[in-house]
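Chain by chain, the residues:
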Amino acid sequence: MEEVLDSLGPVIEAHPDYLPVVKSIVEPERIIQFRVPWYDDEGNLHVNRGFRIQMNGAIGPYKGGLRFHPSVNQSILKFLAFEQVFKNSLTGLPMGGGKGGSDFNPKGRSDSEVRRFCQSFMMELWRHIGANLDVPAGDIGVGGREIGFLFGMYRKLANEFTGVLTGKGLSYGGSLIRPEATGYGTVYFAREMLATRDKSFEGAKVAISGSGNVAQFAVEKVLDLGGKPVTLSDSSGFIHDSNGIDREKLAWVMDLKNVRRGRIKEYAEHFGCDYTESQPEPNLNGLWGADVDIALPCATQNEINGEEAKMLVDNGCIAVAEGANMPCTPEAVECFHENGLLFAPGKASNAGGVATSGLEMSQNSLRLNWTREEVDRRLEEIMVNIHRNAADTAAKYGMEGNYVAGANIAGFLKVAEAMEAQGLI
Ligand code: NDP
Ligand code: 2IT
């Protein structure tokens, strides 16, 4: 919250009437917490905690992902939901902010166990969500498989077929390009940022962390734009492939992660490159020591601290765009700003995922499916607009080049106006 509130000083000076909005906006409209009992394949009972934070519904139905990861708790989901409010506002689409999930760990669980967990999770969540009320999607640990199980159970319980979740499979209301959208969008945003300094991805060495949904499609778009991705990671360690991760290697990673559900270490064994085991905490350290021009952190929060940021700066990195939600600590962001790097905060640069979820909602309402080209064109246009809006807003408030301030202020203004107009401060 500090990260956002620090940016709002000039706005409150210009609009003192928005001060009560600031007081209100930090408090979720509603928090739902529930028990999720499920049985493993051996018949043992497990009980997890489920959450949905309905943070702000002033500009549209609550919208945001579900995260299944052992680290999930109410505090983490509140920060993610708060970010989501500003991000969704920036997309220009009518979506409020929310986030949810569970401390369930899907790693090592069979498809049947994951299905039973998802069904039990939805057994409670279904009464709190709806296509015009709250529309969850995926996040860490929640991909196409989980959304399918969740949607199936919702449909059974609610006895209706609506666009209540996004990230659905193509055969039951999903949108083309939604899987690609967050990674592609992050790279589109970075491309726009680089262009302000007459730079591009062409020939650039790029460090990418994570190896899940966002990371995979960031690699793909970097390759499309002529860049050379050289790193990937998971929670066990990271690989550094100085020959570059090409399309063939990327296809192998997609099979490893999405089908075989294996570890990134196997990449190093298969293709013969460096692999470094994670230290216990912070768990990605080392990766940011890579000699690269551009960094795209796409795994999780707090993966680049002040020291790691300094390593990137010392190696001549010129741009950092967050694919994950808040992967850079405040010290890291300060270091990038002090050293004149281009820095894109996730609420701007990773907004392509939720924006394309918004496009999926539109298609569901219209009962139409747009082509791949159509959705990608709209995604690209939205990312170009977010970049322009953040840059112009920062300049207007005297903070030229500061995308953090620009994104926070632009995201805030729309929500604040709606909250004030509705008398719901
Ligand atoms: P996935 O579950 O597909 O992938 C997550 C990746 O990050 C995996 O490689 C995972 O490794 C790694 N990771 C997760 N937690 C940790 C950790 N604590 N330490 C080290 N590595 C970790 O998730 P997504 O790719 O969907 O999400 C990645 C980030 O992007 C998150 O911050 C998410 O909030 C954000 N995001 C996602 C969007 C989406 O549309 N999916 C949209 C906008 C933002 P392992 O498999 O070992 O856990
Ligand atoms: O953090 C995010 O923006 C997401 N996980 C995607 C949310 C969505 O509703 O598509």
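Since the model is a prediction, treat every value here as computed from it, not as a measurement.

**Some points on the overall build of the protein**
Each helix and strand counted, the protein has 16 helices and 13 strands in total. Taken against the 2.2 N^0.38 rule, which gives 22 Å for 425 residues, the C-alpha radius of gyration of the protein at 20 Å falls within 12% of a compact globule. Referenced to the eigenvectors of the C-alpha coordinate spread, the extents of the protein come out at roughly 60 × 55 × 40 Å. Burial statistics for the protein: of 425 residues in total, 55% are counted as buried. Considering only intrachain contacts with a sequence separation of at least 6, the fraction spanning at least 24 residues in the protein is 70%. Accessible area of the protein: about 17200 Å², with a carbon and sulfur share of 48%.

**Thoughts on the site of ligand 2**
In the region of ligand 2, 14 residues are neighbours, and Lys63, Lys87, Asp139, Arg178 and Ser357 sit closest. A distance of 3.0 Å is found between an oxygen atom of ligand 2 and a side-chain nitrogen or oxygen belonging to Gln84. Separating an oxygen atom of ligand 2 from a side-chain N or O atom of Arg178 is a distance of 2.9 Å. For ligand 2, the accessible surface in isolation is 300 Å², of which the surrounding protein chains cover 94%. Contributions of two or more residues to the shell around ligand 2 are made by strand E3 (62-68), helix H4 (74-90) and helix H14 (351-366). Class assignment for the residues of the shell around ligand 2 results in 2 nonpolar, 7 polar and 5 charged.

**Thoughts on the pattern of salt bridges**
By the definition in use, this model includes 26 salt bridges. Measuring nitrogen to oxygen at the nearest pair gives 3.5 Å for the salt bridge that ties Glu266 to Arg260.

Cut-offs and rules
Residues numbered from 1 in each chain as written. Chains lettered and ligands numbered in written order. Predicted model: local features only at pLDDT ≥ 70, side-chain atom pairs only at ≥ 80, totals over all residues. Heavy atoms only, no water. Helix = DSSP H or I, 4+ residues; strand = E, 2+ residues; numbered from the N terminus. Rg over C-alpha atoms; globule rule 2.2 N^0.38 Å. Buried < 20%, exposed > 50% of the residue type's maximum accessible area, 1.4 Å probe, protein only. Contact = heavy atoms within 4.5 Å. Areas by Shrake-Rupley, 256 points an atom, 1.4 Å probe, with all protein chains shown as cover. Near = heavy atom within 4 Å. Polar contact = N/O pair within 3.5 Å; in protein donor to acceptor, adjacent residues only side chain to side chain. Nonpolar A, V, L, I, M, F, W, Y, C, P; charged D, E, K, R; others polar. Salt bridge = Lys/Arg side-chain N within 4 Å of Asp/Glu carboxyl O.

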